[in-house]
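# Reading the structure
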Amino acid sequence: MKFAVAVDCEGPACVVGNAGGTLNDSVNYEFAKKQATREADAAARGLFDAGATHVLVYDYHGGGLNLDYDRLDTRVDIALGSGSAHRFPGLDGSFAGICFVGYHAMDNTADAVIAHTFSSKTYQGMKVNGREVGEMAVDAAIAGGRGVPVILITSDDKGTAEAQRFFPDIETVTTKTSYGYNTAVSMHPARAVEAIYAAAKKAGQRAKERGAFRPFTFPSPLTLEVRHKRIETAQGDSRRGNGWERVDAYTVRRRMESIEDYF
Ligand SMILES: [Zn+2]
């Protein structure tokens, strides 16, 4: 049984940003990378203990160079860096499930640590066929389009609530309770690691039962709407001539066959 673990850095235990900046500007960034590594390792170990024969870890915060690879379980393979033609290179229908570790709530979520959708600088939010979506739903739909279901999401309380709304049958671990964009009460990082190990093991075991998890997909074709923070970047997208049309000063939309076309 093959599994994947995609890792972001905003959602792990004891991670918040700095006022006015992104996670990468924060004094907490070094710890975030360390804790994301521990939590990814815990998920991988849980999956191996559930019978996984292969675990592929995606280093997916920012430019894809965050984790301390030496500290991951030596049985995993690691996808790192940026610039591949497709999101999740190497992920196909032979994988039994994917875990999202350290993910965060979508943009427009109040009191969630570093809530954003792909670009906290440029975007104000994203909708697919009129429904607001975040990185969890988009990544799940990409995996789902290849027949791979999400089986576990770890995040703050607003993120796991979002996960339950989109994928009610999956396992979740809440690493911290957010009280604002840069403030939370967190589980101790070591205890979060234990909880993620246990949840990944349970998810891996459940994945052996046929139909325990269903791949999440968007209809095809679909309409993707992106609301920008600045009129200037919305204007830029709508004038690039690759199918983006202007909805209003801040918003552009594009019809696509699959959400993969966005990347
Ligand atoms: Zn991130």
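Located above this text is the structure these notes cover.
The sections below set out a description of the structure shown in this document.

The rules we used
Residues numbered from 1 in each chain as written. Predicted model: local features only at pLDDT ≥ 70, side-chain atom pairs only at ≥ 80, totals over all residues. Axes fitted to C-alpha atoms, helices over the stretch in contact; angles between N-to-C directions. Helix = DSSP H or I, 4+ residues; strand = E, 2+ residues; numbered from the N terminus. Parallel < 35°, antiparallel > 145°, perpendicular 65-115°, else oblique. Left-handed = near helix turned anticlockwise from the far one by under 90°. Contact = placed C-beta atoms within 7 Å. Nonpolar A, V, L, I, M, F, W, Y, C, P; charged D, E, K, R; others polar. Pairing = 2+ DSSP bridges.

Across the interface, helix α2 (residues 135–145) lies against helix α3 (residues 157–166) with an axial gap of 10 Å and an inter-helix angle of 45 degrees. With respect to their mutual orientation, α2 and α3 come out oblique. For α2 against α3, the interelement crossing comes out right-handed. Here α2 contributes M136, A137 and A140 to the contact with α3, which in turn contributes E162, A163 and F166. Partitioned by chemical class, the residues of the contact of α2 with α3 number five nonpolar, no polar and one charged.

Time to look at the sheet that holds strand β5 (residues 123–128). What the five strands build is an open sheet, ordered β6-β5-β10-β12-β11; its pairing is antiparallel. At either margin of the open sheet sits one strand with a lone partner, and together these are β6 (131–133) and β11 (245–248). Looking at each pair of strands side by side, their axes are set apart by 35 degrees on average, direction ignored. Bridge count for β5 against strand β10 (residues 222–228) is five bridges, and the pairing is antiparallel. Bridged to Y123 within β10 is H228. Contacts between helix α5 (residues 231–238) and the sheet are confined to β10, β11 and β12 (251–256), with β12 contributing the most and set at about 30 degrees to the helix.

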